[in-house]
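Below, each chain spelled out in residue letters.
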Amino acid sequence: MISLLFWNVGRLSRHALVARLARANDADVILLAEVADEPIDLLKELNKTQASYFFSPGIGNTKILAFTRFSDQFLRPCSETDRLTIRRMRLPGLEEILLAVVHFPSKLHWSERSQAMECTELGAEIRKEEERAGHQRTILVGDLNMNPFESGMVSAAGLHAVMDRRIAREGSRVVQGREYPFFYNPMWGLLGDGSRGPAGTFFHRHAEQEAYFWNMFDQVLVRPALLDRFDFKDLAILDDAGDERLVKDSGVPDRDVGSDHLPVLFRLNLRVAA
Amino acid sequence: MIDLWPSELSTVDQRSPLTILKEQASLLGEKTQNIVIAVLEDISGIGPWSLKNYPFKYGFQLTCPALGHYRFRLFSIGFDIDIYPVRFDLDSDVAEEIIGETHVEPGMNGKFQASNEEEFIEILKRIFSSRKTARVIRALLSQAKS
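Residues numbered from 1 in each chain as written. Chains lettered and ligands numbered in written order. Predicted model: local features only at pLDDT ≥ 70, side-chain atom pairs only at ≥ 80, totals over all residues.

1. Here we look at the overall build of chain A
Next up, step 1: For chain A, the helix and strand inventory stands at 5 helices and 19 strands.
Next up, step 2: Taking 274 residues into account, the globule formula puts the C-alpha radius of gyration at 19 Å, and chain A, at 18 Å, falls close to it.
Next up, step 3: Taking the principal axes of the C-alpha coordinates as reference, chain A spans close to 55 × 55 × 35 Å.
Next up, step 4: The buried share of chain A, taken over its 274 residues, is 49%.
Next up, step 5: The long-range share in chain A, meaning contacts at least 24 apart out of those at least 6 apart in sequence, stands at 61%. (Helix = DSSP H or I, 4+ residues; strand = E, 2+ residues; numbered from the N terminus. Rg over C-alpha atoms; globule rule 2.2 N^0.38 Å. Buried ≥ 20, exposed ≤ 12 C-beta atoms within 10 Å, placed from the backbone. Contact = placed C-beta atoms within 7 Å.)

And the structure:
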């Protein structure tokens, strides 16, 4: 199993906490957005007790940082913008996947409509890279700054991410003569306080008629080709880093300790069948 | 039959932004022995949100054949049938760098717009001379040669 951890660190220096989080969760791949720390400081902290992590730099994208417990040659970037890095994760003996990591424009600057339009671009970019790679074993992870139910997330020309893996298994859907592949969005299953763990990944209380309080901005989307390699029970929103709580007593993210976002951890079984 | 069309119809007195970009793309290849090349991608059907109102849209991508055709979109442009103004959608690092370095004022949301060919060329020059562009090209060259 490969463990992947994504965290929007909220422009705060958190290198020691990132290292504790990685160790506590046995993370093989660490993906960070809004990072205030230098990669070298993160690497030093990650390798403090044992030199096991490598920095896997982007080429054009320097805003999303990736650290791996394997050489960076196995996680090569293949397409990037300043907000997106698509990597080929090609580990010996394991199935190759495309790992797309995104930090989408914030609702502070972009309307929901703008985000939805931009999702068509993101969806198309991923499809292009899948065509190049010759497979659709793709994971999209990151701070999408949208909830799973928003238009950009669910629309066919956008990310086309559905809440039910049985629908996702159909592979694709034709709309107006055009075929769009599905993503499965397991984050639906973690929405609200009836789910295991926190009710979302980002909390925002504001004096407006429409307020969700909890938002699920940090998400993991899985293409149908990887559904058999992903188990919902291997997905979690983390509210602690071992002994250290990342949330206040009220359960909301504690920015004084961690970030205004909570980390997301998931595992994939990429073993090639004998 | 009477020809109602004016005789000067086929006279084109301005270069299209696409022509200028193609020339520049070709020059990059020459400078790097085609290790890093630039390609123009027609993104008319999609394209960034900031260019949504423009019927003609192109992405300017740096790519490296030796690195599995790694692609990095440096900027995109959008323009109308009248060509100018041409709107740029820039990489945010590049935009940050060139604000203040060019007399062409960024529009809303820091987006750059060229009102004529001269301004278009000036913005291109700033983009190509930015530290971010140089860093990406050098990184690609160094990885391709290693």
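2. So, the overall build of chain B
Next up, step 1: The number of helices and strands found in chain B is 4 helices and 5 strands.
Next up, step 2: N-terminal to C-terminal, the α/β element order of chain B is α-β-β-β-β-α-β-α-α.
Next up, step 3: With respect to the principal axes defined by its C-alpha atoms, chain B has extents near 65 × 35 × 25 Å.
Next up, step 4: Counting the 146 residues in chain B, one finds 34% classified as buried.
Next up, step 5: Within chain B, contacts between residues separated by at least 24 positions form 53% of all contacts whose residues are at least 6 apart in sequence.

3. Structural notes on helix 3 (residues 112-133) of chain A
Residues and elements named next belong to chain A.
Next up, step 1: Between its terminal C-alpha atoms helix 3 stretches 31 Å, which fits the 32 Å expected from 22 residues at 1.5 Å a residue.
Next up, step 2: All of the buried residues along helix 3 are Gln 115, Ala 116, Met 117, Glu 118, Cys 119, Thr 120, Glu 121, Leu 122, Gly 123, Glu 125 and Ile 126.
Next up, step 3: Elements that come into contact with the buried residues of helix 3 comprise strand 5 (75-80), strand 6 (84-89), strand 7 (97-103), strand 8 (138-143) and helix 4 (151-154).
Next up, step 4: Backbone geometry just downstream of helix 3 places Gly 134 in the positive-phi region, at approximately 80°. (Expected span 1.5 Å × (residues − 1).)

4. Things to note about the interface of chain B and chain A
Next up, step 1: In this complex, chain B contributes 17 residues to the contact, which on the side of chain A involves 16 residues.
Next up, step 2: Those elements that provide at least two residues to the side of chain B that touches chain A are strand 3 (70-79), helix 2 (92-98) and helix 4 (131-145) of chain B.
Next up, step 3: When residues of the side of chain B that touches chain A are assigned to their parent elements, the largest contribution, 4 residues, is made by strand 3 of chain B.
Next up, step 4: Here the side of chain B that touches chain A is composed, by residue class, of 8 nonpolar, 4 polar and 5 charged.
Next up, step 5: Here 2 bridges tie strand 5 of chain A to strand 3 of chain B, and the two strands are oriented parallel to one another. Note that in strand 3 of chain B the partner of Glu80(A) across the bridge is Phe72(B). (Nonpolar A, V, L, I, M, F, W, Y, C, P; charged D, E, K, R; others polar. Pairing = 2+ DSSP bridges.)

5. Some points on the pairing of strand 19 (residues 264-268) of chain A
All names here are of chain A.
Next up, step 1: Strand 19 sits mainly inside the fold: 5 of its 5 residues count as buried.
Next up, step 2: Here strand 19 shows a buried face lined by Val 264, Phe 266 and Leu 268 and a second buried face lined by Leu 265 and Arg 267.
Next up, step 3: Pairing geometry for strand 1 (residues 2-8) and strand 19, over 5 bridges, is antiparallel. Its bridge partner being in strand 19, Ile 2 is matched across the sheet by Leu 268.
Next up, step 4: Here strand 16 (residues 235-237) runs beside strand 19; their pairing, made up of 3 bridges, is antiparallel.

6. Looking at the sheet that holds strand 4 (residues 65-68) of chain A
All names here are of chain A.
Next up, step 1: Ordered in space as 3-4-2-1-19-16, the 6 strands form an open sheet in which the pairing is mixed. Pairing within the sheet leaves two strands with one partner each, and these edge strands are strand 3 (54-55) and strand 16.
Next up, step 2: Here 5 bridges tie strand 1 to strand 2 (residues 29-33), and the two strands are oriented parallel to one another. Across the sheet, the residue bridging to Asn 8 is Ala 33, located in strand 2.
Next up, step 3: Against the sheet, helix 2 (residues 39-46) engages strand 3 and strand 4, with an angle of about 25° to strand 4. (Axes fitted to C-alpha atoms, helices over the stretch in contact; angles between N-to-C directions.)

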